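Chain residues, written in single-letter form:
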Amino acid sequence: MGRADDDAGGSAGRLGQRLRRWVLAVAAVAALCGMWEGYKVLGEATDGTVLGWDLPARYDDLSMPHLTDVVARFSEPTNRGTTESVGVSVLKGAWYTLQLAGLGLAVGIAVGLGLAVLMQRFRVAERGLLPYVILSQTVPFAALAPLVAGWSGRFDVLGYEWEQWMSVSFIASYLAFFPIAVGALKGLQSPSPATIELMSSYAAPARATLFKVRFPSAVPYLIPALRLAFASAIVGSIVAEISVGRRGGLGRLILEYSQQASSDPPKVYTAMLGAALLGLVVAGVVNLVELWVLRNRPLGDVR
Amino acid sequence: MNTPEPATVRAVAVSKIFNPDKANQVDALIDVDLTVEPGELVSLIGPSGCGKSTLLRLIANLIEPTSGELAVNGKSARQARLDQDYGMAFQQAGLFEWRTVARNIELPLELRKWSKAERRARASEMLELVKLGEFANHHPWELSGGMQQRVAIARALSFRPRMLLMDEPFGALDEMTREHMQAELLRICSETGTTVVFVTHSIPEAVYLSNRVVVMSPRPGRIVRVVDVPLGRRDDDTRESAEFFKKITEVREALRGTEGGGDLGPAEVERLRHAGGDLR
Ligand SMILES: Nc1ncnc2c1ncn2[C@@H]1O[C@H](COP(=O)(O)OP(=O)(O)OP(=O)(O)O)[C@@H](O)[C@H]1O
Ligand SMILES: [Mg+2]
């Protein structure tokens, strides 16, 4: 006994670590806001020239609206004559994008794990597939998007017509599967030879070794992979929405609002803040997943 | 019962060469003949690198011999492994960090499709045996090295295999626990008739536990001598008997002969001495 204290110390240590990270994050955001407003103040005070140097960016309210204006813009109607506020529009858009990204992520995880299991199981598959997995990510995203966008209405999947939103999710999954495949492969290969020998001394079938040893060993490798995949899925969805021309998501809002940049400068930043917020939420979700799945692991794991 | 029971292990002229015909070729074992009868406890002893673990891994069918014949329980080593005829405890504990101590012990039972209740019961029984009852729900990284090793031994014993293959299982234990585990091992063996092949660096341990001590020499690994130890039933007095010391001397002398053959580095000699081998 007496180990229970260590237990508590362990999770308290992990919580303390989280708390410190949060404080740091909030401080960083505050510092960024301070720099933004400070830059404007500096610009106005010096008329754009500091010690003979021209400031690199314009500081007027058109290019850099006050942050208070940006925040205030959230509660105002989207357009003259509409009742929905910008905040609600952005939230709706973020929710829509999150759904498409989530679907893409789910497909990406399934495909990534499937490929990793295949590559771990068969040397030939690893040698044959891994180069293509890596190659897949060197295809410029900008070249891929229009191609996939062209699929809508062109063919059927299981009796359903291929729709625009599927193209968005497809691109998200295309970006998300890669970190999962690579991370999972590394994780599945991580058990020591002695561990594998132990399982073979039990005459354990490959499936038992996979589920009882390889997958649990891969978990610490999958968390950072998941973080990357989630981020890729979100960014991929937003960009794909723009290039595919899909309405309803954050990508579309960013495009629309930026077209109104000259008449309504704070509005541009609302959609961008929405995207940042979505990223934060997603990062938080992954952190919670991490806390949960690694609760029984020693501190200072791979990660 | 006219047919005699087959030998638990029968190795005839078994050799194991790693990386044959390459620059890094190692003649790990050459022409090893070894028979272990059912219920026997046989120890393998010898300087580091003489192929003790390799021989054990051959018997366990974790590696295949380069040449020679190897039968376990009258069948091929592979069939014996598939029939799960043996339990194994390695040099390293090799526990799964994401499983509690109890669930580590349950792993081989899960693979045998035991019910949850049966697994629970056996795991706590085994934990009592290795005196770790109160640690059932702890994780391996919360235990000391010696405690982890005891969990690994409990795991190897959990399904009551007919044969145990143990590779320096007590190396990480303190003297008192070590003697306790030795006594427990002997008790389990005499109660269940389990056959044991036991690798150790400690001469007293080998002599105390074994019916026979197999002395090996390195480079190339081979058996140089087999010392019979007809000490009868072991108890605490055994460790102080004249016969016991005589056997220790006999094994030590056989081991000393291996030193010329093997080129032991100073570090290895040091390690052997600490492991209780006391080569000098
Ligand atoms: N997988 C392998 N590949 C190549 N060589 C190996 C392999 N396993 C063992 N060897 C070599 O075989 C020889 C015997 O090794 P083994 O592990 O059986 O020694 P040991 O007697 O168990 O030593 P120790 O007492 O240090 O555990 C060593 O020279 C080692 O380098
Ligand atoms: Mg060894």
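Draft legend 1. Layout of the overall build of chain A. On a plain count of helices and strands, chain A comes out with ten helices and four strands. Counting helices and strands in the order they occur from the N terminus, chain A gives α-β-β-α-α-α-α-β-β-α-α-α-α-α. Over its C-alpha atoms chain A spans a radius of gyration of 24 Å, topping by over 25% the 19 Å that the globule rule assigns to 303 residues. C-alpha atoms of chain A, sized along the principal axes, occupy 75 × 60 × 45 Å. Split into buried and exposed, the 303 residues of chain A put 39% on the buried side. The long-range share in chain A, meaning contacts at least 24 apart out of those at least 6 apart in sequence, stands at 70%.

Draft legend 2. Structural detail: the overall build of chain B. Across its full length, chain B holds nine helices and ten strands. Here the C-alpha radius of gyration of chain B, 19 Å, is about what a compact globule of 280 residues would show, namely 19 Å. Its C-alpha atoms give chain B principal-axis dimensions of about 55 × 50 × 40 Å. Looking at chain B residue by residue over its 280 residues, the buried ones come to 55%. Here the analysis covers contacts within chain B between residues at least 6 apart in sequence; of these, 69% occur between residues at least 24 apart. Just so you have it, chain B exposes about 12300 Å², and 48% of that area is on carbon and sulfur atoms.

Draft legend 3. A look at the site of ligand 1. All names here are of chain B. Close contacts around ligand 1 come from 15 residues, with S48, G49, K52, S53 and T54 the closest. Separating an oxygen atom of ligand 1 from a side-chain N or O atom of K52 is a distance of 2.8 Å. When isolated, ligand 1 has an accessible area of 640 Å², and the protein chains bury 68% of it. If you tally residues by element for the shell around ligand 1, the top one is helix α1 (residues 52-59), at three residues. Each residue belonging to the shell around ligand 1 can be placed in one class, and the counts come to four nonpolar, eight polar and three charged.

Draft legend 4. How the structure looks around the sheet that holds strand β9 (residues 212-217) of chain B. Residues and elements named next belong to chain B. Strand order in this open sheet of six strands is β6-β7-β8-β3-β9-β10, and the pairing throughout is mixed. Among the strands making up the open sheet, the edge pair consists of β6 (86-89) and β10 (222-228). Mean inter-strand twist for the sheet, computed between neighbouring axes without regard to direction, equals 15°. In terms of strand pairing, strand β3 (residues 41-45) meets strand β8 (residues 195-199) through four bridges, oriented parallel. Along β8, the bridge assignment pairs L41 with V196.

Draft legend 5. Representation of the nonpolar core within the structure. Within the largest apolar cluster, 50 residues are counted, with the highest numbers of intra-cluster contacts made by L185(B) and V251(B). No other element matches helix α5 (residues 145-157) of chain B, which puts seven residues into this core. Setting aside residues up to four positions removed in sequence, L185(B) forms contacts with L41(B), L164(B), M166(B), F170(B), F198(B) and L209(B). Formed by 42 residues, the second largest nonpolar core is a distinct cluster that contains Y202(A), V9(B), V14(B) and F90(B).

Draft legend 6. Representation of the interface of chain A and chain B within the structure. The partner chain B presents 26 residues to the 22 residues of chain A that form the contact. Of the roughly 2300 Å² buried between chain A and chain B on both sides combined, carbon and sulfur atoms contribute 60%. Here R297(A) and E97(B) are joined by a salt bridge, their closest N and O atoms 3.4 Å apart. Along the contact surface separating chain A from chain B lie six residue pairs in polar contact (both at pLDDT 80 or more). Going through the elements one at a time, α1 (3-46), α7 (193-201) and α8 (206-244) of chain A are the ones with two or more residues in the side of chain A that touches chain B. The dominant element in the side of chain A that touches chain B, judged by the number of residues it contributes, is α7(A), at seven residues.

Draft legend 7. Quick peek at the domain arrangement of chain A. Residue and element names in this part refer to chain A. Per the domain assignment, the segments making up chain A are domain 1 (1-64) and domain 2 (84-301). One C-alpha centre belongs to domain 1, the other to domain 2, and the line joining them spans 28 Å. Where domain 1 abuts domain 2, roughly 780 Å² becomes buried across the two surfaces, and 54% of that area is made up of carbon and sulfur atoms. The interface formed by domain 1 and domain 2 contains zero salt bridges. Remark: the boundary between domain 1 and domain 2 carries zero residue pairs in polar contact (both at pLDDT 80 or more).

Draft legend 8. Looking closely at the sheet that holds strand β2 (residues 26-36) of chain B. Residue and element names in this part refer to chain B. Here we have four strands laid out as an open sheet, ordered β2-β1-β4-β5, and antiparallel in their pairing. Among the strands making up the open sheet, the edge pair consists of β2 and β5 (75-76). When strand β4 (residues 67-72) meets β5, the two strands line up antiparallel, connected through two bridges. Following the sheet pairing, V72 is matched in β5 by K75. Sheet strands in contact with α1 are β1 (9-18), β2 and β4, and its direction is about 60° off that of β2.

Draft legend 9. Focus on the pattern of salt bridges. With the rule as written, the count across this model stands at 21 salt bridges over all chains. Where salt bridges share partners, they join K212(A), R99(B), R103(B) and E110(B) into one cluster.

Draft legend 10. Layout of the confidence of the model for chain B. All names here are of chain B. For chain B, per-residue confidence averages 85 on the pLDDT scale, and residues scoring 70 or more make up 90% of the total. In this model, residues 260-265 is a region of pLDDT below 50 whose contacts with residues beyond four sequence positions or in other chains number ten contacts. Below a pLDDT of 50 lies the segment residues 276-280, which in the model reaches 21 contacts outside its immediate sequence neighbourhood of four places, other chains included. Across the interfaces of the predicted complex, the ipTM metric reaches 0.81, alongside a pTM of 0.80.

Draft legend 11. Up close: a nonpolar patch on the surface. Residues and elements named next belong to chain A. A cluster of nonpolar side chains, contributed by L91, L277, L280, V281, V285, V289, W292 and V293, occupies part of the molecular surface with about 740 Å² of accessible area. Per-element accounting of the nonpolar patch gives the leading share, seven residues, to helix α10 (residues 265-293). With respect to the helices, strands and loops of the structure, V293 is situated in helix α10. For V293, a relative accessible area of 30% translates into the label partly exposed.

What counts as what
Residues numbered from 1 in each chain as written. Chains lettered and ligands numbered in written order. Predicted model: local features only at pLDDT ≥ 70, side-chain atom pairs only at ≥ 80, totals over all residues. Heavy atoms only, no water. Helix = DSSP H or I, 4+ residues; strand = E, 2+ residues; numbered from the N terminus. Rg over C-alpha atoms; globule rule 2.2 N^0.38 Å. Buried < 20%, exposed > 50% of the residue type's maximum accessible area, 1.4 Å probe, protein only. Contact = heavy atoms within 4.5 Å. Areas by Shrake-Rupley, 256 points an atom, 1.4 Å probe, with all protein chains shown as cover. Near = heavy atom within 4 Å. Polar contact = N/O pair within 3.5 Å; in protein donor to acceptor, adjacent residues only side chain to side chain. Nonpolar A, V, L, I, M, F, W, Y, C, P; charged D, E, K, R; others polar. Pairing = 2+ DSSP bridges. Axes fitted to C-alpha atoms, helices over the stretch in contact; angles between N-to-C directions. Core = buried A, V, L, I, M, F, W, Y, C linked by side-chain atoms within 4.5 Å. Buried area = accessible area lost by both parts, 1.4 Å probe. Salt bridge = Lys/Arg side-chain N within 4 Å of Asp/Glu carboxyl O. Domains from an automatic or database assignment. pLDDT = per-residue confidence, 0-100. Patch = residues over 30% accessible without salt bridge, like charges linked within 9 Å, V, L, I, M, F, W, Y side chains within 5 Å.

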